[in-house]
Amino acid sequence: QLKLVESGGGLVQPGGSLRLSCEASGATLDGYGIGWFRQAPGKEREGVSCISRSGGFTNYADSVKGRFTISRDNAKNRVYLQMNGLKPEDTAVYYCAAKPLCIATRTDYWGQGTQVTVSS
């Protein structure tokens, strides 16, 4: 089965940047849309962004539009989330997940998450 591992989280000041990576093993990513999700303490999980199998379609939550960019490199079996202009409200555990399509409600695989903390 597909295994996903997130990396790249850490502690940054407001206005800083991080680049998250989602690395796959056990199978290739090219058969899946890949979404990024996040969950802050005491809050529900929310979708952040998604990228289609070919990379031709992307979407973003309103809260991150203009600041975050999702991309993928199927040859490297990786998906990235570039996060710029980080705000304290971006603090959360970030997860990547594989979906048959970005518009699908079904999610097939989840990573274990990486912590992002934005604080001065």
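Residues numbered from 1 in each chain as written. Predicted model: local features only at pLDDT ≥ 70, side-chain atom pairs only at ≥ 80, totals over all residues. Heavy atoms only, no water.

Student: Looking at this model, I keep getting lost on the state of the cysteines. Mind explaining?
Tutor: One way to say it: the disulfide is the covalent bond shared by the sulfur atoms of two cysteines. For the structure on display, the rule yields 2 disulfides. Here Cys-50 engages in a disulfide with Cys-102; their sulfurs sit 2.1 Å apart. Residues Cys-50 and Cys-102 are joined through a disulfide that is left-handed, its torsion about the S-S bond being -90°. A residue pair is termed long-range when its members are at least 10 positions apart, and Cys-50 in strand S5 (residues 46-51) and Cys-102 in the loop between strand S9 (92-99) and strand S10 (109-110) qualify at 52 residues. Relative accessible area serves as the criterion here: at 5%, Cys-50 is assigned to the buried category. The exposure class assigned to Cys-102 is buried, which follows from its relative accessible area of 14%. The connectivity of the disulfide bonds within the protein can be written as 1-3, 2-4, using the sequence rank of each bonded cysteine. (Disulfide = S-S within 2.5 Å. Helix = DSSP H or I, 4+ residues; strand = E, 2+ residues; numbered from the N terminus. Buried < 20%, exposed > 50% of the residue type's maximum accessible area, 1.4 Å probe, protein only.)

Student: Looking at this model, I keep getting lost on the sheet that holds strand S1 (residues 3-7). Mind explaining?
Tutor: Strand pairs in the sheet, formed through backbone hydrogen bonds, run parallel or antiparallel to each other. An order of S1-S3-S8-S7 is seen for the 4 strands of this open sheet, with the pairing classed as antiparallel. Each having just a single partner strand, S1 and strand S7 (68-73) make up the two edges of the open sheet. The average angle at which neighbouring strand axes cross in this sheet is 15°, direction not considered. Where S7 lies against strand S8 (residues 78-83), 6 bridges are found, and the strand directions are antiparallel. Across the sheet, the residue bridging to Phe-68 is Met-83, located in S8. (Pairing = 2+ DSSP bridges. Axes fitted to C-alpha atoms, helices over the stretch in contact; angles between N-to-C directions.)

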